[in-house]
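# Topology and contacts: notes
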Amino acid sequence: MNAKHEIIIRAAIAPIGLKTLIQTSEYTAKAIYKAVSKLHKQGFITKINRRETTIIALSNKYEASKTAELYFTAFIHGIDPKIFDCKSFHQIWQCLNQYLQINIKKCKEQTNYQYQTILQTFKILQKNELVKTTCKKPLIIEITNHPVNQLLRELNQPKQEETITTSGYPTIKETYATPETIRRYLHDKHDTTHFHDTITSIMPNQTFLEILHSIPSSSPEEVFFRALHTSHGVEETCILFLKRRRLNMKKLLDIAKQNNEINIVGCYLDIIHELDEKLVSQKVIDQFYNEKKDAKTKVWLKSEKKYGKENMIIPYEKKWNLSIYVDVGAIRHTLRGEI
């Protein structure tokens, strides 16, 4: 462990005075001052001046919080945080995390590191119980469920989000993102967050209303599928995706199959086809119709039941075996608008 790691770990436990930090550390005052200055510039810590001393506190940024949690967890498990400073360690670990089980040859192909570098990293991983050996000759290792591995995943997970902005007053900005991406976002926006319910978080802004939806995957097709289960999604979000040609229909069909909702997705595309055939082809409608299920009738948008049904959707109910409560007028209005 070096001065940087000690400062982050101690700041993560509680804010600490700079003088106290110097007096109780094994590192020189010069090393502490240098590390504090660097960490402050990088945004990992904040410095608060109080009377005759300076208080060192952990930054409230997501990366700083997660890095501190990683260092602290490694420390209490007897792992020296210095291993995280090595670029080769992270790249080899990411390769292992991708394949879960790997040998030196495969890792060399994926990372371009030399045999000795990979072997040395494998030994570090083994020593710290971040992997287990499944075969000695050739050496094959497998990633474990160690808490440090989980924190490394969270810290290295890329942001995954899909944002759609719809016109009107107020303008609505909907962001569909993975739970970890939303965690990052809310962590850095904690002072301006208002919670609406357990699924959606609403962020007030002077010019728009932002809604965050948590979903497993933020691909356009997954967002489209999820949006079909809300009136706003049916009337606005889904149409935006179709107008912008963002969808892979084969992938959308696969998602509909996995969720046993081919009838709902196919029916929506069928309605759009009748209103604007340029957006959805008859070929796509036929692909969904050939896969539809004729089991128990499903209700689509039950939340809108109190507003009744429109006459034009009755043929679609029979064709797709659904009980439908969508506002076709609202769909027409969005289709006519410029996007």
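Anyway, here's the lowdown on the structure attached to this text. (Residues numbered from 1 in each chain as written. Predicted model: local features only at pLDDT ≥ 70, side-chain atom pairs only at ≥ 80, totals over all residues. Heavy atoms only, no water.)

### What to know about the layout of surface pockets
Quick note on the threshold: Here the term cavity refers to a set of points on a 1 Å grid, laid over the protein atoms alone, in which a 1.4 Å probe fits but cannot get out; the term pocket refers to an open set having protein on both sides within 12 Å along at least five of seven lines, with lining residues being those that place an atom within 4 Å of a point. Grid points are joined across faces, edges and corners, and a volume is the space filled by probe spheres set on the points. The helix and strand labels rest on DSSP assignments: H or I over at least four residues marks a helix, E over at least two residues marks a strand, and numbering proceeds from the N terminus.
The volume enclosed by the second largest pocket comes to roughly 220 Å³. Lining the second largest pocket are 14 residues, and of these K4, F44, E63, T67 and Y71 lie nearest its centre. For the lining of the second largest pocket, the secondary structure elements donating two or more residues are α1 (3-13), α3 (29-42) and α4 (62-76). If one sorts the elements of the lining of the second largest pocket by residue count, α4 sits on top with 4 residues.

### Thoughts on unusual backbone geometry
Note the following rule: Burial classification: accessible surface area is computed with a 1.4 Å probe over protein chains only, and a residue below 20% of its type maximum counts as buried, one above 50% as exposed, and the rest as partly exposed.
Residues K137 and P138 are joined by a peptide bond in cis, for which omega reads -10°. With respect to the helices, strands and loops of the structure, P138 is situated in the loop between β5 (131-135) and β6 (140-143). Despite not being glycine, L301 shows a phi value in the positive range, around 65°. In this fold, L301 is placed in the loop between β12 (298-300) and α15 (314-320). Take L301: its relative accessible area is 7%, and that puts it in the buried class. The residue N321 is not glycine, and still its phi comes out positive at about 55°. Residue placement: N321 occurs in the loop between α15 and β13 (322-324).

### Looking at the sheet that holds β6
Here is the rule: Two strands pair if DSSP finds at least two bridges between them. Interaxial angles span 0 to 180 degrees and are taken between N-to-C directions of axes, which are lines fitted to C-alpha atoms, for helices over the stretch in contact.
In space, the 3 strands of this open sheet follow the order β4-β6-β5, with antiparallel pairing throughout. Sheet topology places β4 (101-103) and β5 at the edges, where each strand pairs with a single neighbour. Direction aside, neighbouring strands of the sheet carry axes that sit 35° apart on average. In this sheet, β6 lies alongside β4 in antiparallel orientation, the contact comprising 3 bridges. Across the sheet, residue I102 finds its bridge partner in β6, namely I141.

### Section: the packing of aromatic side chains
Rules: Centres within 6.5 Å are what make two rings of Phe, Tyr or Trp a pair, Trp counting through its six-membered ring; a difference in plane orientation under 30 degrees is then read as stacked, over 60 as edge-to-face, and the rest as tilted.
Taken as a whole and judged by the stated rule, the model has 5 aromatic pairs. Seen in terms of ring centroids, F84 and F89 are 5.9 Å apart; in terms of plane orientation they differ by 70°. Their pairing is edge-to-face. The pair F84 / F89 is uniform in exposure class, with both members buried. Among the aromatic residues, those joined into a ring-pair cluster are Y71, F84 and F89.

### Brief notes about the nonpolar core
Applied cut-off: Nonpolar cores were defined as sets of buried Ala, Val, Leu, Ile, Met, Phe, Trp, Tyr and Cys residues, with membership established by side-chain atoms within 4.5 Å. Contact criterion: two residues are considered in contact whenever any of their non-hydrogen atoms come within 4.5 Å of each other.
One finds I32, F84, F122 and L125 to be the most contacted residues of the largest nonpolar core, which totals 46 residues. L125 has contacts with F89, W93, L96, L130, V131 and I141, leaving out every residue within four places of it along the chain. Formed by 43 residues, the second largest nonpolar core is a distinct cluster that contains M249, V265, C267 and I313.

### What about the pattern of salt bridges?
To be explicit about the condition: Salt bridges are identified by distance alone: a Lys or Arg side-chain nitrogen within 4 Å of an Asp or Glu carboxyl oxygen.
This model, assessed by the stated rule, comprises 12 salt bridges. A salt bridge links K66 to E69, with the shortest nitrogen-to-oxygen separation between them at 3.2 Å. Separated by 3 residues within a single helix, K66 and E69 lie in helix α4, roughly one turn from each other. Residues K250 and D254 are paired through a salt bridge, measuring 3.6 Å at the closest nitrogen-oxygen approach. Highlighted residues: K250 and D254, both in helix α12 (residues 249-258), separated by 4 residues, approximately one helical turn. Connected via shared salt-bridge partners are K66, E69 and E154.

### Here's the deal with the environment of K293
With respect to the helices and strands, the residue K293 is situated in the loop between α14 (282-289) and β12. For the pair K293 and N260, spaced 33 residues apart in the sequence, the C-alpha separation amounts to 8.3 Å. Look past the residues within four positions of K293 in its chain and what remains in contact with it is N260, N263 and N321.

### Regarding the side chain of E154
Residue placement: E154 occurs in helix α8 (residues 147-156). On the accessibility criterion, E154 (12% relative accessible area) is buried. Apart from the residues within four sequence positions on either side, E154 is in contact with Y62, K66, E180, R183 and R184.

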